[in-house]
Amino acid sequence: MCGLMSAAQRLAEAEYIARARNGDDAAFHEVVNAFQGPVFNLCYRMLGNPQEAEDAAQETFLKAYRNLRSYNPDRKFTNWILSIASNHCVDRLRKRRLQLISLDEWLPRFENPAPNPGPEQTLTDKELQEDVREILDRLGSTDRAAIVLRYWYEYSYEEIAEALSLSVPAVKSRLHRARRSLAEQWSPQSAVFVNGGV
Amino acid sequence: MRHQEYEKLLFEREDLSEIERTRLQAHLIECAWCATLNDQWAAVEGILRSAPSVPAPQGFAARFQVRLEKARQRKQARLLLLTTMLTIIGLLVVASLLGWALISSGPTIFSWVLKVFNQFYWVGSVFDVFVDMLILFLENLLEQLPLVIWMAASAAVSLLSLTWITTVYRLSYRDIRRE
Ligand SMILES: [Zn+2]
């Protein structure tokens with residue numbers, strides 16, 4: 001969904017990434033402009049909350065800025081930055097799980113709407129986003145990252161493995177387990193999940 | 001084949017060959033268990049596939065610029081603090097070495113201590129005591145330490161000060177990137 005790009009765009013992208021690597025801050029600003037969408041979407045899907053997603057996305061760009069010299073230009077820049085974002089979100093989710101009482105459990109779900117609900121956004125869209133969050137909330141952090149990279153970024157098993165530092169068989173087994181668990185929890189009668197999240 | 005083997009096909013449908021796909025379809029017709037699981041997964045996957053990407057909120061890039069600037073300032077402050085502390089520690093080490101050289105230079109140290117206490121007794125102002133002590137200390141150093149030690153100490157102090165000044169100067173140009 002986030003992948004298609006023309007040859008001219010790709011060339012321009014390669015140019016400002018190269019300039020940013022050489023310390024050009026204006027070029028890095030271009031990088032932020034160009035990749036804020038995919039990075040924010042990944043963080044939002046992972047964390048399920050617009051404020052935290054913004055913070056995580058900002059942190060991702062800060063990490064990218066600090067480590068830009070270690071970026072290998074032979075690798076796709078999107079893959080590199082999304083790998084930083086995924087790992088950052090996985091860490092956040094692990095820390096969140098360590099907290100004994102999650103604040104989320106005390107707040108009604110509708111207090112956390114999707115960001116920027118424009119006038120064009122219909123109730124069905126909101127419901128869809130709500131359903132997606134409900135689905136992803138049921139997965140552990142690494143499984144969630146694998147699912148998000150697979151469905152929103154059309155990543156191959158190899159790309160997911162590289163992003164999450166896993167082996168390809170491990171990615172396949174995680175995806176299988178995640179899909180199976182989601183399918184089993186889905187109630188076809190009410191079109192909702194039958195029991196509490198994991 | 002048992003359910004488990006069909007489940008594998010069911011959840012990895014995008015990787016299936018034509019033969020495997022046909023086999024799965026045939027199994028779904030005769031097996032209610034797998035057919036239900038298939039429908040449930042189709043519903044969940046349908047939601048995942050139909051949800052569009054969420055765009056970044058307005059002003060995201062501008063807020064990042066502010067954050068980057070703050071991070072840069074914090075890093076510069078940390079570097080400055082670190083360099084200052086290291087310089088102070090370095091100066092203390094040089095001073096201790098000088099003091100040690102002075103003490104080990106002979107019995108004249110007792111006369112020096114005596115002079116200091118005399119000054120302390122007669123001079124009322126703390127500032128004057130400090131200045132006098134410094135002058136006495138330097139006079140004694142010049143008298144008692146060999147020229148080589150004196151030169152080495154001066155070189156060390158100069159080097160530390162130069163390092164500190166250079167770091168402070170470079171900090172005004174340096175950002176938070178890892179070199
Ligand atoms: Zn079956």
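Rules of the game
Residues numbered from 1 in each chain as written. Chains lettered and ligands numbered in written order. Predicted model: local features only at pLDDT ≥ 70, side-chain atom pairs only at ≥ 80, totals over all residues. Heavy atoms only, no water. Helix = DSSP H or I, 4+ residues; strand = E, 2+ residues; numbered from the N terminus. Contact = heavy atoms within 4.5 Å. Areas by Shrake-Rupley, 256 points an atom, 1.4 Å probe, with all protein chains shown as cover. Donors = N, O, S within 2.8 Å, 3.2 Å for Na, K, Ca; no water. Tetrahedral: all angles 85-135°; square planar, octahedral: opposite > 155°, others 65-115°. Buried < 20%, exposed > 50% of the residue type's maximum accessible area, 1.4 Å probe, protein only. Buried area = accessible area lost by both parts, 1.4 Å probe. Salt bridge = Lys/Arg side-chain N within 4 Å of Asp/Glu carboxyl O. Polar contact = N/O pair within 3.5 Å; in protein donor to acceptor, adjacent residues only side chain to side chain. Nonpolar A, V, L, I, M, F, W, Y, C, P; charged D, E, K, R; others polar. Axes fitted to C-alpha atoms, helices over the stretch in contact; angles between N-to-C directions. Parallel < 35°, antiparallel > 145°, perpendicular 65-115°, else oblique. Left-handed = near helix turned anticlockwise from the far one by under 90°. Domains from an automatic or database assignment. Patch = residues over 30% accessible without salt bridge, like charges linked within 9 Å, V, L, I, M, F, W, Y side chains within 5 Å.

K.L.:
How do you make sense of the overall build of chain A when you look at a structure like this?
P.N.:
Per the secondary structure count, chain A includes eight helices and two strands. Going from N to C terminus, chain A has its helices and strands arranged as α-α-α-α-α-α-α-α-β-β. Restricting to contacts in chain A with at least 6 residues of sequence separation, those with at least 24 account for 60%. Total accessible area on chain A is roughly 9900 Å²; 53% of this is exposed by carbon and sulfur atoms.

K.L.:
How should the coordination of the zinc ion be read in this particular structure?
P.N.:
Six octahedral donors around a metal ideally subtend angles of 90 or 180 degrees, whereas four tetrahedral donors ideally subtend 109.5 degrees. All names here are of chain B. Those protein atoms acting as donors to the zinc ion are His3 (ND1), His27 (NE2), Cys31 (SG) and Cys34 (SG), and they sit at 2.1 to 2.4 Å. The coordination sphere of the zinc ion comprises four donor atoms, whose angles at the metal cover 96 to 138°; the geometry is irregular. All donors of the zinc ion come from a single chain, and their spacing in sequence reads H-x23-H-x3-C-x2-C. Each of the two residues, His27 as well as Cys31, counts as buried.

K.L.:
Help me out: how do you make sense of the interface of chain B and chain A in this one?
P.N.:
Each partner contributes residues to the interface: chain B has 38 residues there, and chain A has 52 residues. Carbon and sulfur atoms supply 60% of the area that chain B and chain A bury against each other, a total of about 4300 Å² over both sides. Remark: the boundary between chain B and chain A carries seven salt bridges. Here A:Asp25 and B:Arg72 are joined by a salt bridge, their closest N and O atoms 2.8 Å apart. Counting across the chain B and chain A interface gives 20 residue pairs in polar contact (both at pLDDT 80 or more). Within the residue set of the side of chain B that touches chain A, elements represented by two or more residues are helix H1 (3-11), helix H3 (32-50) and helix H4 (60-103) of chain B. No other element matches H3(B), which puts 10 residues into the side of chain B that touches chain A. Across the side of chain B that touches chain A, the residue classes tally to 19 nonpolar, five polar and 14 charged.

K.L.:
Whenever I open this one, the packing of helix H3 (residues 50-66) of chain A against helix H4 (residues 77-98) of chain A confuses me. Can you help?
P.N.:
Helices that pack against each other are described as a pair by the angle of their axes relative to one another and the distance between those axes. Residue and element names in this part refer to chain A. Two elements in contact, H3 and H4, have axes whose closest approach is 9 Å; the angle formed by their N-to-C orientations is 130°. One finds that H3 runs oblique with respect to H4. Both H3 and H4 take part in a crossing whose hand is right-handed. Each of Glu52, Asp55, Ala56, Glu59, Thr60, Phe61, Lys63 and Ala64 in H3 lies in contact with H4, whose residues at this interface are Trp80, Ile81, Ile84, Ala85, His88, Cys89, Arg92 and Arg96. Taken together, the residues of the contact of H3 with H4 break down into eight nonpolar, two polar and six charged.

K.L.:
Which parts of the structure should I look at to understand the domain arrangement of chain A?
P.N.:
Residues and elements named next belong to chain A. Each assigned domain of chain A is listed with its residue range as follows: domain 1 (7-95) and domain 2 (114-195). Taken together, the contact pairs 20 residues of domain 1 with 19 residues of domain 2. The contact between domain 1 and domain 2 buries some 1700 Å² in all, and 54% of this surface belongs to carbon and sulfur atoms. In this assembly, domain 1 and domain 2 are joined by one salt bridge. Of the charged contacts in the structure, one is a salt bridge between Arg75 and Glu162, with a shortest N-O distance of 2.9 Å. If you look at where domain 1 meets domain 2, you find 12 residue pairs in polar contact (both at pLDDT 80 or more). At the level of elements, helix H2 (25-47) and H4 are the ones that each hand at least two residues to the side of domain 1 that touches domain 2. Top element by residues in the side of domain 1 that touches domain 2 is H4. It accounts for nine residues.

K.L.:
Mind showing me how you'd approach a nonpolar patch on the surface here?
P.N.:
Residues and elements named next belong to chain B. A contiguous nonpolar surface patch, about 480 Å² in accessible area, is contributed by Leu82, Leu86, Ile89, Val93 and Leu97. Within the secondary structure, Leu86 is located in helix H4. Relative accessible area serves as the criterion here: at 52%, Leu86 is assigned to the exposed category.

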